[in-house]
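One-letter residues, chain by chain:
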Amino acid sequence: MSYRVESLMSARLFVAPQHAGNKVYFLSNMSGHLSLYSMAFGGSVPVPLLPPHIALQNPHLIGGKSFYVFPQLKRILVMIDKDGDENYQPMLIPLEGGFPEPAFKNFFASYRVHLGECDAEKGIVYLTAERRDKPWEETYRCDMKTGRLKKIAEGEFGHYVSAHSGDHSKILLGTGYTVGDSVLYLWKDGRRRLLYGKPLADRAEGERVPLNGLGSAVFSPSGKGVIVSTSVFADTYSLGYIDISAPGKLEEVKLTGIRHKGVGEMEGLEQLYKDHYLVVFNIDGCSWVYEGIFDEKKRTMTLKYTLVGAKPLDGGMLERLDYNKVDDTVTFSFSTATSPTQIYTVSGKKRDKLTRHTDEKILGIPDGILSKGEDASFITHDGLRVSARLYLP
């Protein structure tokens, strides 16, 4: 039997999911371009939430979130540009969908805006706004309930919000100059204080500063420290701890409970609640996601539950994940060489309940015909290890 190459391009995308209430919201190109949809938790016929003439940007290219759902406010904040000009604007639609209207009284009309950290419970979002008249970026805290805006920081290189405290009185701000050259600040009571790195303004002409590879940054359970992902201790990235009372000092965090084998990079860190955190890895081209528990006194992160990486969610790639604090669920988009992007939710105290919301197929080719792939990493003649996967027909 012969198969058509067009079959490999027939699968639709189901990406950037968010679980809110009894629904899952996501992006899909089922209409021919990316748009916003919702479906019942557990799966149902997708409901379009935007008019058919509006196309959304690729979530990997937009720089931030594509949308965020606020169930208590019965609104969805969506980042929309005009006919692909990439000048993204925060727009509001009802939960059931509708025609977008400018948020915050159209204050950001002359900016290019990126949606950052969001707090569904308090109705607060953080936006990074790029000026169009000069190379300058401004960071705002925005109240979805009142429409009030507060400028947090501004500068030529911008400041992205990595995390915030529960009451939003403290914010972690990051600035990046080039790959691996970053600075981390603590914002409190309207003032910014340096936690780690050396700002460009404090460097002598021609000074070379060691790269720190700062990535994710979140508050510790006590709120008195910051946990970061960094390349200071390992080129493949690892965790570090900064005591807020002792800025400039980075302590290595011990990682235990690793179940994967092979070599790869730590890709991200996210706080779930209290001392529970998500740690994301890419190991030889495959995603692994753990829920870990952080012991602040011992500076140890114990990886307790495997959400992605073990069967049946093995040998694939994570596209995006989202944590629902109300229902304590993790919803994500995941694909393998034999399955297009599917949306899943992991729940339960032991993360042992898996719900699959979609059942997308590759048209005209049975799953058994496709090769799942296997690890084929190798050592080169000069001793360099290269990650690789082998797909046999």
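You'll find the structure just up there.
Residues numbered from 1 in each chain as written. Predicted model: local features only at pLDDT ≥ 70, side-chain atom pairs only at ≥ 80, totals over all residues. Heavy atoms only, no water.

Asker: Break down the overall build of the protein for me, with residues and values.
Answerer: Scanning the protein from terminus to terminus reveals 0 helices and 33 strands. In terms of overall dimensions, the protein is globule-like: its C-alpha atoms have a radius of gyration of 22 Å, near the 21 Å expected for 393 residues. Oriented by its inertia axes, the alpha-carbon framework of the protein measures out at about 70 × 55 × 45 Å. A total of 393 residues make up the protein; the buried ones form 48% of that total. Partitioning the intrachain contacts of the protein with sequence separation of at least 6 by distance along the chain shows that 39% fall at a separation of at least 24. A total accessible area of about 19,700 Å² is found for the protein, and carbon and sulfur atoms account for 52% of it. A gap of 6 Å separates the mean positions of the 48 positive and 47 negative side-chain charges of the protein. (Helix = DSSP H or I, 4+ residues; strand = E, 2+ residues; numbered from the N terminus. Rg over C-alpha atoms; globule rule 2.2 N^0.38 Å. Buried < 20%, exposed > 50% of the residue type's maximum accessible area, 1.4 Å probe, protein only. Contact = heavy atoms within 4.5 Å. Areas by Shrake-Rupley, 256 points an atom, 1.4 Å probe, with all protein chains shown as cover. Lys, Arg positive; Asp, Glu negative; His and termini not counted. Charge placed at Lys NZ, Arg CZ, Asp CG, Glu CD.)

Asker: Help me get a handle on unusual backbone geometry, residues and values and all.
Answerer: With the exception of glycine, most residues fall at negative phi, and the peptide bonds are largely trans. In the segment running from Lys311 into Pro312, the intervening peptide bond is cis, with an omega of 5°. Along the chain, Pro312 turns up in the loop between strand 25 (300–308) and strand 26 (316–324). Of note, the phi angle at Lys105 is positive, near 55°, even though the residue is not glycine. In this structure, Lys105 sits in the loop between strand 8 (101–102) and strand 9 (111–119). We note that Asp284 has phi near 50°; this positive angle belongs to a residue other than glycine.

Asker: Help me get a handle on the side chain of Arg299, residues and values and all.
Answerer: Note on placement: Arg299 falls in the loop between strand 24 (286–295) and strand 25. A residue is classified by how much of its surface remains accessible, and Arg299, at 17% relative accessible area, is buried. Of the polar contacts made by the side chain of Arg299, one reaches the side chain of Glu251; its length is 3.2 Å. Apart from residues no more than four positions distant in its own chain, Arg299 is found in contact with Tyr241, Glu251, Glu252, Val253, Lys254 and Phe294. (Polar contact = N/O pair within 3.5 Å; in protein donor to acceptor, adjacent residues only side chain to side chain.)

Asker: I'd love a proper account of empty space enclosed by the protein, names of residues and values included.
Answerer: In total, this model carries 1 cavity of 30 Å³ or more according to the counting rule given. One number sums up the size of the largest cavity: a volume of about 50 Å³. Lining the largest cavity are Tyr160, Ser162, Gly174, Ser182, Val183, Leu184, Leu214, Gly215, Ser216, Ala217 and Val228. Among the elements that take part in the lining of the largest cavity, strand 15 (residues 181–188) stands out by supplying 3 residues, more than any other. (1 Å grid on protein atoms, 1.4 Å probe; cavity = no way out; pocket = protein on both sides within 12 Å on 5 of 7 lines; lining within 4 Å. Points joined across faces, edges and corners; volume = space filled by probe spheres on them.)

Asker: Would you mind going over the packing of aromatic side chains in detail, with residue names and values included?
Answerer: In the structure shown here, the tally under the stated rule is 15 aromatic pairs. Centre to centre, the rings of Phe107 and Phe108 are 5.0 Å apart; their planes meet at 90°, and the pair counts as edge-to-face. Given the relative accessible area of 1%, Phe108 is considered buried. Between Phe107 and Tyr140, the aromatic rings sit 5.6 Å apart at their centres with planes inclined by 75°, giving edge-to-face as the arrangement. One end of the pair, Phe107, is in the loop between strand 8 and strand 9; the other, Tyr140, is in strand 11 (residues 137–143), and 33 residues separate them in sequence. According to the relative accessible area criterion, Tyr140 is buried, its value standing at 5%. Each member of the aromatic cluster is reached from another via a ring pair, and the members are Phe104, Phe107, Phe108, Tyr111 and Tyr140. Lys134 extends its terminal NZ or CZ atom over the ring of Trp136, reaching a point 5.3 Å from the ring centre. When the ring centre of Tyr185 is taken as origin, the NZ or CZ atom of Arg192, which lies over that ring, is 4.2 Å away. (Phe/Tyr/Trp six-rings, centres within 6.5 Å; stacked < 30°, edge-to-face > 60°. Lys NZ or Arg CZ within 6 Å of the ring centre and 35° of its normal.)

Asker: Explain the pattern of salt bridges residue by residue, including any values.
Answerer: Where side chains of opposite charge bring their charged atoms close, a pairing between them can arise. Inspection of every chain in the model, using the stated rule, returns 18 salt bridges. Note that Lys151 and Glu154 form a salt bridge whose closest N and O atoms lie 3.6 Å from each other. Assessed through its relative accessible area of 38%, Lys151 is described here as partly exposed. Relative accessible area serves as the criterion here: at 36%, Glu154 is assigned to the partly exposed category. When the shortest N-O distance is used, the salt bridge between Glu291 and Arg351 registers 2.4 Å. Of the two residues, Glu291 is situated in strand 24 and Arg351 in the loop between strand 28 (342–347) and strand 29 (353–356); the sequence distance between them amounts to 60 residues. According to the relative accessible area criterion, Arg351 is buried, its value standing at 8%. Through salt bridges that share partners, Arg131, Asp133, Glu138, Lys151 and Glu154 make up one connected network. (Salt bridge = Lys/Arg side-chain N within 4 Å of Asp/Glu carboxyl O.)

Asker: Tell me what's going on with the sheet that holds strand 15, and back it up with residues and numbers.
Answerer: An order of 13-14-15-16 is seen for the 4 strands of this open sheet, with the pairing classed as antiparallel. Of all strands in the sheet, those bounded by a partner on one side alone are strand 13 (160–164) and strand 16 (191–196). Recorded for the sheet is a direction-independent mean angle of 30° between the axes of neighbouring strands. Pairing geometry for strand 15 and strand 16, over 5 bridges, is antiparallel. The residue of strand 16 that forms the bridge with Leu184 is Tyr196. (Pairing = 2+ DSSP bridges. Axes fitted to C-alpha atoms, helices over the stretch in contact; angles between N-to-C directions.)

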